[in-house]
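Structural characterization, general
Here is how the chains run, residue by residue.
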Amino acid sequence: LKGADALLEALRERGVEVVFGYPGGAIMPLYDALLDSGIRHVLMRHEQAAAFAADGYARVSGRPGVCIATSGPGATNLVTGIANAFLDSVPLVAITGQVATPLMGTDAFQEVDIFGITLPIVKHSYIVRHVEELPRIVHEAWDIAGSGRPGPVLIDLPKNMAAGEAHGAARVHEPRPGPAPPDEAALARAAAMIGLAERPVIYAGGGIGIGRAIHAFRGFVAESGIPVVSTLKGLGSVPTDDPLFLGMLGMHGTRAANNAVQQSDLLIAVGARFDDRATGRLEGFAPGAKVVHLDVDPAEIDKLRRADVALPGDLAASLAALVQRPRIGTWRRHCQRMKSEHAWRYDAPGDGIYAPELLRRLSVAADGEATLTCDVGQHQMWVAQHCLIRRPERHLSSGGLGAMGYGLPAAIGAQIADPRRTAINVSGDGSIMFNIQELATLRRYGLPVKILLLDNRSLGMVRQWQELFFDRRFSEVDLSDNPDFAVVARSFGIDAMTVENASQIDGAVDALLHHAGPLLVHCRIDPAANVWPLVPPGHTNATMLEGSLQ
Amino acid sequence: MNRTIEVSLSRAEGAIVRTLGLIERRGFVVESVATRGEPQAESLILSVEVASRGRPYDVLVRQIQRLFDVRHAFLIEPQSAGKRLAC
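A brief structural summary. These numbers were taken from a predicted model, which means no experiment stands behind them.

**Details of the interface of chain A and chain B**
Contacts between the two partners involve 20 residues from chain A and, on the opposite side, 13 residues from chain B. Put simply, chain A and chain B have 4 salt bridges between them. Applying the counting rule to chain A against chain B returns 6 residue pairs in polar contact (both at pLDDT 80 or more). Secondary-structure elements contributing two or more residues to the side of chain A that touches chain B are β5 (124–127) and α6 (134–146) of chain A. Per-element accounting of the side of chain A that touches chain B gives the leading share, 4 residues, to β5(A). Partitioned by chemical class, the residues of the side of chain A that touches chain B number 10 nonpolar, 2 polar and 8 charged.

In structure tokens form, the structure reads like this:
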């Protein structure tokens, strides 16, 4: 058996049906073996998009995504996608071609040290040095990527290892034990604190969805009756229309969510990591609160905020043991009052399309059942603020890395992982250009992905910050010379329409949900629209700037 | 005050540089490094003297512990060389 065959056989043994990639010189033996492997290969048009597609596939399926690239530039083009998976804890197995081992270290053609380059952004990595090690490495990589706190694993595959024959038996893969059960004494202390709390708040993070702990989490929320706020990646841990849900916290969070956290006496952090976008100035975050911190990763405990009770380990197991019903009727009513007093408004003046209103109506029309993938910028925050989201795996956003260009390839991965569910990429006119070549992938595979392109002819979020914090000195944010995106889409063979008037919202929503095949809806919006509210940098979440319609 | 972290590592490609790189990237200063281990052994011991810029050592040790090639990592108690502290 050749190394490439052994690698693919190991992937098949793990149930891999589809991989995302782009061929090239050093990876050719693997691409040759793919032809007879029974594994479906999706040819993306850029390696970065292959990594993002594998990421989207993983987030929706709950299983590691696989991406493949050749050595040198192919490998370096994966780096942004690998970093994205690392920062958002997404299980990913990235396979890179490498020059043959006798050439490694000689600055050969298309040789880069991708193992060294990616050391800080992988959960683990390998250089294959012996063909017979390949099955063990693949199985080990798969387990590492998907277990505990998930993350990316790199397998660097020299060309002679892929093409060579295995000689002799190799060490077999030995799975490592899962996380230890939660500590009983710590659980008892946490339960007692919850039972006695007067103003508790649940701070829900991305770990709930990643850990597939949704059922246990929702049971805990329902039983305890404690108000919930969430991070960007925690959205959908409870449906965003749940009465106990106060909204996203942090820089672009709701006033109800941020005020509740600031006023709380107990913060129950579940799969959250006290990220700076969520906490604002850390020293002033939830100043009067004790902290119970649940996380599958022990290294997150005490990293940024000391926990009064630490519960490292499996979230579902801990949550099931924590159910209490504190007497917090007054606090709950106070939170509800804040929520209704600061409810979103959508009565924007004028005839133009108010993006938050369009997004709200789109997600409600889909009943929260579509998979929404975002790029990065103002539209990303509007989706988080205004869309109905019922589960975390239906809201794919580059949270930690904030990588423009994520949305379209992630939608491709999501669509392939769940072909019966509509995947909608909400993008901006800045972000779409980062991976617009993937329109060709939609066309080639006939994927019915929808794209809602919110076009404000500028880099909106940067422009907003320059307006607010740089004395309106606008530097390199003008994109008024954008191409005609509808024409661009049609040139790829993708249907397209352009809308710019509020009266066209219903038609746009209907097309996004019911058009057969891929579609790009190019939506012109007000270039001056900003994302509100906003916690200025360096401030606590008690300081929130408000604009109109808030 | 500097502290010493003792790390037991599998002899795998990149294990040492991965560990030392993590320590520096997490905001600590590597003051000195020593390794010991038999040439044919499957593991080696890495002793790293680190200085903190105000970040907790126990969190760093847990970050080291989650590296796949790390078998054990312990913070050595000051003035009591060899005594291990659980993290």
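**A closer look at helix α10 (residues 214–224) of chain A**
Side chains of residues three or four places apart in an α-helix project in the same direction, reflecting 3.6 residues per turn. All names here are of chain A. Among the residues of α10, I214, F217, F220, V221 and S224 are the ones counted as buried. For α10, the buried positions fall inside an angular range of 130° around the axis, keeping them on one side. Exposed residues pointing more than 90 degrees away from the buried face of α10 are listed as H215 and A222. Backbone geometry just after α10 places G225 at a positive phi near 70°.

**As for the pattern of salt bridges**
In the structure shown here, the tally under the stated rule is 33 salt bridges over all chains. One salt bridge connects B:R66 with A:D297, and the closest N-O pair in it is separated by 2.1 Å. Of the two residues, B:R66 sits in the loop between α2 (57–65) and β4 (70–76) while A:D297 sits in the loop between β11 (290–295) and β12 (309–312), which places them in two different chains. The exposure class of B:R66 is partly exposed, given its relative accessible area of 32%. Among the residues examined, A:D297 registers a relative accessible area of 4% and is labelled buried. In this structure, A:R391 engages A:E393 in a salt bridge whose closest nitrogen and oxygen atoms are separated by 2.6 Å. A:R391 sits in the partly exposed class, given a relative accessible area of 24%. A residue is classified by how much of its surface remains accessible, and A:E393, at 14% relative accessible area, is buried. What emerges from the salt-bridge pattern is a single network uniting A:R149, A:D297, A:E300, A:K303 and B:R66.

**Some remarks on unusual backbone geometry**
All names here are of chain A. Note that the residue after W532, namely P533, is joined by a cis bond; omega there is -10°. On the secondary structure map, P533 appears in the segment after β18 (519–524). Within the chain, D367 stands out as a residue other than glycine whose phi angle is a positive 55°. Within the secondary structure, D367 sits in the loop between α15 (355–365) and β13 (371–374). With a phi close to 60°, R472 is a non-glycine residue in the positive phi region. As for its placement among the helices and strands, R472 is situated in the loop between α19 (460–469) and α20 (485–491).

**So, the sheet that holds strand β10 (residues 266–270) of chain A**
Residue and element names in this part refer to chain A. Taken together, the 6 strands give an open sheet; going across it, the order is β9-β8-β7-β10-β11-β12, and neighbouring strands pair in parallel fashion. In this open sheet, the two strands that pair with only one neighbour each are β9 (245–248) and β12. Taken over all neighbouring pairs, the strand axes of this sheet differ in orientation by 15° on average, direction set aside. For strand β8 (residues 228–230) and β9, the ladder comprises 3 bridges, and the chain directions are parallel. Within the sheet, the bridge partner assigned to V229 lies in β9 and is G247.

**So, the nonpolar core**
Residue and element names in this part refer to chain A. Core analysis: the largest hydrophobic core is formed by 89 residues, its most contacted members being Y203, F217 and L267. A per-element tally of this core places helix α21 (residues 505–514) first, with 6 residues. Residues Y57, A69, A423 and L520 belong to the second largest nonpolar core, which totals 46 residues.

**Here we look at the pairing of strand β3 (residues 43–52) of chain B**
In summary, the side chains of a regular strand alternate between the two faces of the sheet. Residue and element names in this part refer to chain B. Where strand β1 (residues 3–10) lies against β3, 8 bridges are found, and the strand directions are antiparallel. Following the sheet pairing, S8 is matched in β3 by I45. In this sheet, β3 lies alongside strand β2 (residues 28–36) in antiparallel orientation, the contact comprising 8 bridges. Note on β3: the bridge partner recorded for V29 is A51. What sits between the antiparallel neighbours β2 and β3 is a turn of 6 residues, in which G37 has the positive phi angle 160°.

**A few points about the sheet that holds strand β15 (residues 423–428) of chain A**
All names here are of chain A. Spatially, the 6 strands line up as an open sheet ordered β14-β13-β15-β16-β18-β17, and their pairing is parallel. At either margin of the open sheet sits one strand with a lone partner, and together these are β14 (395–396) and β17 (495–499). Two strands pair when backbone bridges link them, and β13 and β15 are joined in this way by 4 bridges, in the parallel orientation. In the sheet register, C374 faces β15, and the bridge partner there is V426.

**Description of the pairing of β11(A)**
Residue and element names in this part refer to chain A. For β11, the tally of buried residues reaches 5 of 6 residues, placing the bulk of the element in the interior. In this sheet, β11 lies alongside β10 in parallel orientation, the contact comprising 5 bridges. Directly across from A269, in β11, lies its bridge partner H293.

Conventions adopted
- Residues numbered from 1 in each chain as written.
- Chains lettered and ligands numbered in written order.
- Predicted model: local features only at pLDDT ≥ 70, side-chain atom pairs only at ≥ 80, totals over all residues.
- Heavy atoms only, no water.
- Contact = heavy atoms within 4.5 Å.
- Salt bridge = Lys/Arg side-chain N within 4 Å of Asp/Glu carboxyl O.
- Polar contact = N/O pair within 3.5 Å; in protein donor to acceptor, adjacent residues only side chain to side chain.
- Helix = DSSP H or I, 4+ residues; strand = E, 2+ residues; numbered from the N terminus.
- Nonpolar A, V, L, I, M, F, W, Y, C, P; charged D, E, K, R; others polar.
- Buried < 20%, exposed > 50% of the residue type's maximum accessible area, 1.4 Å probe, protein only.
- Arc of directions from axis to C-beta.
- Pairing = 2+ DSSP bridges.
- Axes fitted to C-alpha atoms, helices over the stretch in contact; angles between N-to-C directions.
- Core = buried A, V, L, I, M, F, W, Y, C linked by side-chain atoms within 4.5 Å.

Spatial relationships are all this shows, so hold off on functional conclusions.
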